[in-house]
Amino acid sequence: AVVSTQSTGEIGPRDLKNNQVVAVRRDTGVKATLANENLAEQLQTLLNNIHDDMYNKALKERDENMAVTSDWEEFCNLLDQKKIIQAPYCGAIPCEDAIKKESARTEVVDDKAPAMGANTLCIPFDQ
């Protein structure tokens, strides 16, 4: 078997006889039989397709979980929903500490919701 981070390949006696390999996409489980002729190009195309599909899936999930607010109550509700929140922030450490402290939860709203409060991650280029 041939293994990459995005696909696996199977080469058995029948594949050798038929001058082919079987590639299995790890992201979907879909198998494809590839002829040995131009195999390198076919694999490059397959890997590019896997990359594009994984990137587009991640982008879609990020966009579906992104929210913008300037309202504190909505901010806390969105945080409980595990959203990535874009909100005004001055950048000062005392403000960051206050946001983290005031958004922390003492009671469990959801097992996967952050109880420790909001974390500042980065400032987006597009605002």
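These remarks concern the structure in this document.

Cut-offs and rules
- Residues numbered from 1 in each chain as written.
- Predicted model: local features only at pLDDT ≥ 70, side-chain atom pairs only at ≥ 80, totals over all residues.
- Heavy atoms only, no water.
- Buried < 20%, exposed > 50% of the residue type's maximum accessible area, 1.4 Å probe, protein only.
- Helix = DSSP H or I, 4+ residues; strand = E, 2+ residues; numbered from the N terminus.
- Pairing = 2+ DSSP bridges.
- Contact = heavy atoms within 4.5 Å.
- Phe/Tyr/Trp six-rings, centres within 6.5 Å; stacked < 30°, edge-to-face > 60°.
- Polar contact = N/O pair within 3.5 Å; in protein donor to acceptor, adjacent residues only side chain to side chain.

Quick notes on the pairing of strand β3 (residues 20–25)
Then step 1. Most of β3 sits out of view: six of its six residues are buried.
Then step 2. Here β3 shows a buried face lined by Gln20, Val22 and Val24 and a second buried face lined by Val21, Ala23 and Arg25.
Then step 3. Of the pairings in the sheet, the one linking β3 to strand β4 (residues 31–35) comprises five bridges and is antiparallel in character. If you follow Ala23 over to β4, its bridge partner there is Ala32.
Then step 4. Following β3, the chain reverses through five residues before pairing antiparallel with β4; Gly29 in that reversal takes a positive phi of roughly 80°.

Focus: the environment of Leu34
Then step 1. Structurally, Leu34 can be placed in strand β4.
Then step 2. Residue classification places Leu34 among the buried positions, given a relative accessible area of 11%.
Then step 3. Sequence-wise, Leu34 and Gln20 are 14 residues apart; in three dimensions their C-alpha atoms are separated by 5.4 Å.
Then step 4. Setting aside residues no more than four positions away along its own chain, Leu34 makes contact with Asn19, Gln20, Val21, Ala23, Leu39, Gln42 and Leu43.

Observations concerning the packing of aromatic side chains
Then step 1. Across all of its chains, the model carries one aromatic pair by this definition.
Then step 2. Aromatic pair Trp72 and Phe75: ring centres 5.1 Å apart, planes at 10°, arrangement stacked. Taken as a pair, Trp72 and Phe75 lie in helix α3 (residues 72–80) at a separation of three residues, close to a single helical turn.
Then step 3. The exposure class of Phe75 is buried, given its relative accessible area of 10%.

Considering the side chain of Ser103
Then step 1. Examined against the element boundaries, Ser103 turns out to sit in helix α4 (residues 93–103).
Then step 2. Polar contacts involving the side chain of Ser103 include one to the main-chain carbonyl oxygen of Lys100, which spans 3.4 Å.
Then step 3. At 2.7 Å, the side chain of Ser103 and the backbone nitrogen of Ala118 are in polar contact.
Then step 4. Setting aside residues up to four positions removed in sequence, Ser103 forms contacts with Trp72, Phe75, Cys76, Leu79, Gly117 and Ala118.

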